[in-house]
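# Survey of secondary and tertiary structure
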Amino acid sequence: MNRRFFLKLVGMGSISIAAGCTPDPYNQPRPDKTLYSLVQAPDDMVTGDAAWYASTCRECPAGCGILAKNREGRVIKVEGNPHHPINRGRLCMRGQAALQGEYNPDRIRTPLLKENGHWKPITFTAALSILNDRAGEAAKAGPDRVRMVTEVVGESLLGLFETSLAHWASKGPLVFEPFAYESLKLANQAAFGIEGLPSYRLDEADVLVSLGADFLETWLSPVEYARKFKTMHAISGGRKGRFFHVGPYQSVTAANADLWLSCRPGSEAVLALALTADVLNSERATSLPRVLRDDLKNFVAGLEREKAIEVSGVSANGYERLSQSLLSAEKPLVLGSASIAGPNALQADFAANLLNLALNPELPLIDFERRHRVEVADSRSDLAVFFRTLQQEAVDVLLLNNVNPVYALAGSADIAAALKRETPFTVAFSNFMDETAALADLVIPTAFSLESWDEYGGTSDAVSTLQPAMGRFIGAPHIGDVFMKAALGKTAPENTYKTYLIAGLISRGLVRNESDWLKTLQRGGIFEANARSRPFDPAKFDAAAGRRLLASLSEPAAGLTFLAAPSLRFFDGRGANRPWLCEIPDPLTRVAWQAPVLLHPDTAKTLGLKQGDLVRVSSGSGQLEAPVYVTPGVRPQVAVMALGQGHVEFGRYAAGRGSNPVALFAAEDDGQVGMPRLFAEGVQIAATGRVVKLANTDGDRTQHGRKIAASVAMESLASLKQSKLNGLTMWDFPLTLPLPEGYDPKRDFYKPHDHDGYRWGMVVDLDRCVGCGACAAACYAENNIAVVGGERIVEGREMAWLSVERYVDAVVPEKITFLPLMCQHCDNAPCESVCPVYAPHHNKEGMNNQIYNRCIGTRFCSQNCPYKVRRFNWFAWEWPEPMQLQLNPNVTVRAKGVMEKCSFCVQRIKEAHNWAKNEKRTIRDGEIVPACVQTCPTDALVFGSLMDPDSRVRKMVDDPRAYQIMGYLNTKPGVIYLKKVVQEV
């Protein structure tokens, strides 16, 4: 050993000891450094190894199957269950963020009793005793003095609620869901004789038309329908399905349409009726049953295309293209209105059903046997009547299970007044102090879905199970156990809700013995093969009911109309306290943490407004303030704001952020439909004189002629296959794979890298990306990415490793391309050559690694990166207690002053290496699945080794659509993109 090496060892040891004994220089709390092992570990837990539990996502009523990853007793990640028929292993961003409800720092940890206007913590035993005494006294006083409002729950739990309320001499619970699809259910009753929500076979259609249905965001089952949509819209046999979206604003769903028809709010029904008339006047009508054909002709009498074009405001050319596509389609499908009620939503849904009947009366693409669970929700009119009579009827106890009507309902002041009265005694089963729980007399937190035994079938052909994937974090009981103890007591058929659940499954013939139960838990539920529904019987068509529905068809909205839009990120507002959902920007505006009001450039110019101006929006029912976002994705004379923000309670991440558009709407619902009217006509928008800097993460909406988000016309695919690029400019530079074959001595200065067995790479198919952002949320969850907050994003301090960029066409701004952008893992990486301490370096398997404890924060690498995907930690980010429990122990938490970026989930690559080494084999293709690839609902991302000629990624790079972002820079990225295929319809 020479002297120099000895001094190195001594120095390193001294520094390590000093670092371990030194307090944090930034005065931040230091993590617990104690090493320990469990003396008595659970039987299924091995320290350092993950245990996976199949369960069901309850972030919305869709009911996707999930797998919860448990490490040392805590769940650190949720992913889709590949065996589940609804989502088939994929998950949306809301599902990825479910853990942030579990570990939310504002989660209520103990029951709270209100005394003299102040909250007093009590024990769970005391809370159950109060509930039992109050409800028991109410039951003795008379019938129906204990009432309940619950969220959509599974059949077993809903049955327990009904049994418990019957024990208290009261009727069953009211089921409240903000998106209850009242208009769609009523339209289905009139047209099909089914007051329910059948599922749709989007994947079998060749032409798809949506009259506002946002099936890629919130409508019924967005993960399932995203997969089905991209199946029908993918290139197959040299052609792809066609998709038209009709509506007054461009949602994420509309942004994925081949043609968006911008219409006046409330005119969708007129368009659909005129299209029905076109079908009846064509040869397709000859196969219709005579009675049905006559009924349909009566409905569309006088509604010709000229009138429809005039009323709706769509272009004649656009209408003609839509009509011809439907007439020439073999398997067309028409979907109704959006998740929330816009003008004439009922009529639009019924008109969509009429058009489907005219196109094919057998309705082969509507599955009446497979129904969505959310159909059990009661109508908004039922809820309105309930709260109105609450102040008139003798109700002593009101039970609210995970609902927030004070936030979600228009005219909530009346509801708040009813809850503030001395009677009824209100009990809120809630884990967060939201607007409704804050007005309750007793708040009882209950076990989260990841801590519970339960079942929930998002569709009628599935019984999806829930099981505890971790211990009860705060010791809260399951709400089923609460009702069994408080209501049934010694008369309960079973001792616990778990045994009650199993007994119910046995009585329904779904489980026969313990072996069946264990197999059900392992698989995540009982999934029966759904028999194909029989062709529709036209005799079920109720023409009289249809005439009543269309009799109330009103003229399209006049003047400036304000619309509330469902939120891809926050759904109806229940996700607003998940910081990942706040941090990930809206896919279209690229604005995070804020809720702007969207205006067309012509509307903004007329009002004298510009981007970021804070305006006051007023209607006859209320007012709100919000910044302006100017976009061509909204029709002139229309203002749009997403639902979800504007909470006055609900924790630190939600309270006081943005505005709630519900404040502008009248309390009255549509009496005929029983649904809310989430739009306001004749609103006033006035500048306040203040300007808000938007927390947007996009540099520009267009590419300025650069080869970033590339596309190719459908008719040019053939010529693309024949063209051979061999130049040095942006558009004729060839695809240069990060392999020896991608190097040319005439072009390259550097020599090829030697890769040891694998050269990892990714292929991103832009034709399959819908911009949902699920990949970005999965990346946050897997890689311990910090949440910086809206104020820091305004400063440009965002930390996302993967962002879904949005680019609009410079000529036709309604045409949008979404591009998932992460570190490109270049073979000639510009970041590596400029770092003075060699923190970014090229590893033996081709990835661009970042060694955190080498980084000294020069940021040279970020300056030299042409893709701007490297993130610098300007601050010591915080994970408020207990959010640090969600951190992945296999990933380093980065410190202040360190650069970070995408690593292709290197921890998963290392894990696969260990598996392969132990089994003495090479890593199989598809064995490594990064978090972004795993969750993508449309299979837009694929990962594998480019050195394997049989791998999926290697075969995909041979696609003539393959290109590299700004490949002419010759960085030789390891991320290959496939151009989006644009078709004229």
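Structure: see above.
Residues numbered from 1 in each chain as written. Predicted model: local features only at pLDDT ≥ 70, side-chain atom pairs only at ≥ 80, totals over all residues. Heavy atoms only, no water.

### Focus: the overall build of the protein chain
Quick note on the threshold: What counts as a helix is a DSSP run of H or I of at least four residues, what counts as a strand is a run of E of at least two, and both are numbered from the N terminus. When accessible area is computed with a 1.4 Å probe and restricted to protein chains, residues below 20% of their type maximum are described as buried, those above 50% as exposed, and intermediate ones as partly exposed. For accessible areas, the Shrake-Rupley method is used with a probe of radius 1.4 Å. Any residue's cover is judged against the shown protein chains and nothing else. Only four residue types enter the tally: Lys and Arg on the positive side, Asp and Glu on the negative side; His and the chain ends are excluded. Taken as the charge location is NZ of Lys, CZ of Arg, CG of Asp or CD of Glu.
The helix and strand inventory of the protein chain stands at 30 helices and 38 strands. Expressed as lengths along the three principal axes of its C-alpha atoms, the size of the protein chain is roughly 95 × 70 × 65 Å. Counting all 985 residues of the protein chain, 62% fall into the buried class. Carbon and sulfur atoms make up 51% of the accessible area of the protein chain, which amounts to about 39100 Å² in all. Computing the positive centroid from 108 side-chain charges and the negative centroid from 108, the protein chain places the two 6 Å apart.

### Some details on empty space enclosed by the protein
How we decide: Detection works on a 1 Å grid of protein atoms alone, calling trapped sets that fit a 1.4 Å probe cavities and calling open sets with protein on both sides within 12 Å along at least five of seven lines pockets, with lining residues defined by an atom within 4 Å of a point. Grid points are joined across faces, edges and corners, and a volume is the space filled by probe spheres set on the points. The nonpolar class holds Ala, Val, Leu, Ile, Met, Phe, Trp, Tyr, Cys and Pro. Asp, Glu, Lys and Arg form the charged class, and all remaining residues, Gly among them, are polar.
A complete count under the given rule lists 15 cavities of 30 Å³ or more for this structure. Those elements that provide at least two residues to the lining of the largest cavity are helix 15 (405-408) and strand 17 (454-456). With three residues, strand 17 is the single largest residue contributor to the lining of the largest cavity. Residues that form the lining of the largest cavity fall into these classes: 15 nonpolar, 12 polar and 10 charged. Estimated volume of the second largest cavity: approximately 510 Å³. Taken together, 36 residues make up the lining of the second largest cavity; nearest its centre are Gln250, Asp586, Leu588, Thr589 and Leu598. Listing elements by their share of the lining of the second largest cavity, those giving two or more residues are strand 24 (638-642) and strand 29 (803-808).

### Focus on helix 20 (residues 543-551)
Rules: Taking the helix axis as origin, the arc is that swept by the directions to the C-beta atoms. For this analysis, a polar contact is any N or O atom pair within 3.5 Å, provided that within protein one partner can donate a hydrogen and the other can accept it, and provided that sequence-adjacent residues contribute only side-chain to side-chain pairs.
Along helix 20, the residues that are buried comprise Ala543, Ala545, Gly546, Leu549 and Leu550. Taken end-on, helix 20 shows its buried residues confined to a sector of 155°, consistent with a single buried face. Those residues of helix 20 that are exposed and aimed more than 90 degrees away from the buried face are Arg548 and Ala551. Capping the start of helix 20 is the job of one residue whose side-chain oxygen sits 3.3 Å from the backbone nitrogen of alanine 544: aspartate 542.

### Some words on the packing of helix 5 (residues 155-167) against helix 18 (residues 497-507)
Applicable threshold: Convention adopted: a line fitted to C-alpha atoms gives each axis, helices being fitted over their contacting stretch, and angles between N-to-C directions are expressed from 0 to 180 degrees. Note that the term roughly parallel is reserved for angles under 35 degrees, roughly antiparallel for angles over 145, roughly perpendicular for angles of 65 to 115, and oblique for everything else. By convention the crossing between two helices is left-handed if the near helix lies anticlockwise of the far one by an angle smaller than a right angle, and right-handed if it lies clockwise. Should any heavy atoms of two residues lie within 4.5 Å, those residues are counted as being in contact.
Two numbers describe how helix 5 lies on helix 18: the axes approach to 10 Å, and their chain directions differ by 110°. Put simply, helix 5 runs roughly perpendicular to helix 18. By crossing handedness, the relation of helix 5 to helix 18 is classed as right-handed. Between helix 5, through Ser156, Leu157, Gly159 and Leu160, and helix 18, the contact on the second element is made entirely by Tyr497, Tyr500 and Leu501. The residue inventory of the contact of helix 5 with helix 18, partitioned by class, reads five nonpolar, two polar and no charged.

### Description of the environment of valine 893
The topology assignment puts valine 893 in the loop between strand 33 (871-872) and strand 34 (899-900). On the accessibility criterion, valine 893 (38% relative accessible area) is partly exposed. C-alpha of valine 893 to C-alpha of alanine 338: the two residues are 555 residues apart in sequence and 41 Å apart in space. The residues contacting valine 893, other than those within four sequence positions of it, are Asn784, Trp879 and Leu887.

### Digging into unusual backbone geometry
The amide bond that connects threonine 423 to the next residue, proline 424, takes the cis arrangement and shows omega of 5°. By the secondary structure assignment, proline 424 is in the loop between helix 16 (412-420) and strand 15 (425-429). A positive phi angle is found at tyrosine 838, which is not glycine, with a value near 60°. Structurally, tyrosine 838 is set in the loop between helix 26 (830-834) and strand 31 (840-842). If you check the backbone angles, lysine 868 has positive phi at about 50° while not being a glycine. Accessibility expressed as a relative area gives 45% for lysine 868, which makes it partly exposed.

### Describing the state of the cysteines
As a reminder, the rule being used: The rule for a disulfide is simple: a pair of cysteine sulfur atoms within 2.5 Å.
Applying the stated criterion across every chain yields a total of zero disulfides. As a non-bridged cysteine, cysteine 865 has cysteine 831 as the owner of its nearest cysteine sulfur, 6.6 Å distant. Since its relative accessible area comes to 8%, cysteine 865 is described here as buried. Cysteine 905 supplies the cysteine sulfur nearest to cysteine 932, a cysteine that is in no disulfide, at a spacing of 6.1 Å. For cysteine 932, a relative accessible area of 8% corresponds to the buried category.

### Quick look at the sheet that holds strand 4 (residues 112-115)
Strand pairing in a sheet takes place through backbone hydrogen bonds and is either antiparallel or parallel in direction. Heads up, the rule is: Paired strands, as defined in this entry, are two strands with at least two bridges between them according to DSSP.
Overall, mixed pairing links the seven strands, which are arranged 5-4-16-15-14-6-7 in an open sheet. Each edge of the sheet is formed by a strand with only one pairing partner; in this case those strands are strand 5 (118-121) and strand 7 (174-175). As judged from the two bridges shared by strand 6 (residues 146-150) and strand 7, these two strands associate in the parallel manner. For valine 149, the partnering residue across the bridge sits in strand 7 and is leucine 174. In the packing of helix 17 (residues 479-488) onto the sheet, contacts are made with strand 6, strand 14 (397-401) and strand 15, and the angle to strand 15 comes to roughly 145°.

### Brief notes about the pattern of salt bridges
Put simply, the rule reads: We define a salt bridge as a side-chain nitrogen of Lys or Arg found within 4 Å of a carboxyl oxygen belonging to Asp or Glu.
Tallying each qualifying case throughout the model produces 46 salt bridges. With its nearest N and O atoms 3.2 Å apart, the salt bridge here joins aspartate 278 to arginine 305. Of this pair, aspartate 278 sits in helix 9 (residues 268-280) while arginine 305 sits in helix 11 (residues 305-312), and the two are 27 residues apart along the sequence. A residue is classified by how much of its surface remains accessible, and aspartate 278, at 10% relative accessible area, is buried. Judged by relative accessible area, arginine 305 falls into the partly exposed class, the value being 22%. Where arginine 954 meets aspartate 958, a salt bridge forms, and the shortest distance between an N and an O atom there is 3.2 Å. Judged by relative accessible area, arginine 954 falls into the buried class, the value being 13%. Overall, aspartate 958 belongs to the exposed group, its relative accessible area being 55%. Salt bridges sharing partners connect three or more residues here, namely Lys77, Glu79, Glu782 and Arg908.

### Some thoughts on the pairing of strand 29
Regular strands show a simple pattern: their side chains alternate between the two faces of the sheet. Most of strand 29 is tucked away: six of the six residues are buried. Looking at chain direction, strand 29 and strand 30 (residues 816-821) are connected through six bridges and run antiparallel. Each bridged residue has a counterpart across the sheet, and for glutamate 805 the counterpart in strand 30 is leucine 819.

### Comments concerning the pairing of strand 18 (residues 462-466)
Of all the five residues making up strand 18, five are buried; the element is thus mostly covered by neighbouring parts of the structure. Burial of the side chains of strand 18 extends over both faces: Ala462, Ser464 and Leu466 are buried on one face and Val463 and Thr465 on the other. Examined bridge by bridge, strand 17 and strand 18 share three bridges and lie antiparallel to one another. Within strand 18, the position partnered with glutamate 455 by the bridge is threonine 465. Between strand 17 and strand 18, which pair antiparallel in sequence order, lie five residues.

### Here's the deal with the packing of aromatic side chains
So the rule is basically this: Classification of ring pairs uses Phe, Tyr and Trp, with its six-membered ring standing for Trp, and accepts pairs whose centres are within 6.5 Å; under 30 degrees between planes counts as stacked, over 60 as edge-to-face, and the remaining range as tilted.
Counting across every chain of the model gives 29 aromatic pairs. Taken together, a centroid distance of 5.3 Å and an interplanar angle of 75° make the contact between phenylalanine 192 and phenylalanine 368 edge-to-face. Remark: phenylalanine 368 occurs in strand 13 (residues 366-371) and phenylalanine 192 occurs in helix 6 (residues 182-192); sequence separation between them is 176 residues. Residues phenylalanine 192 and phenylalanine 368 agree in their burial class; the two are buried.

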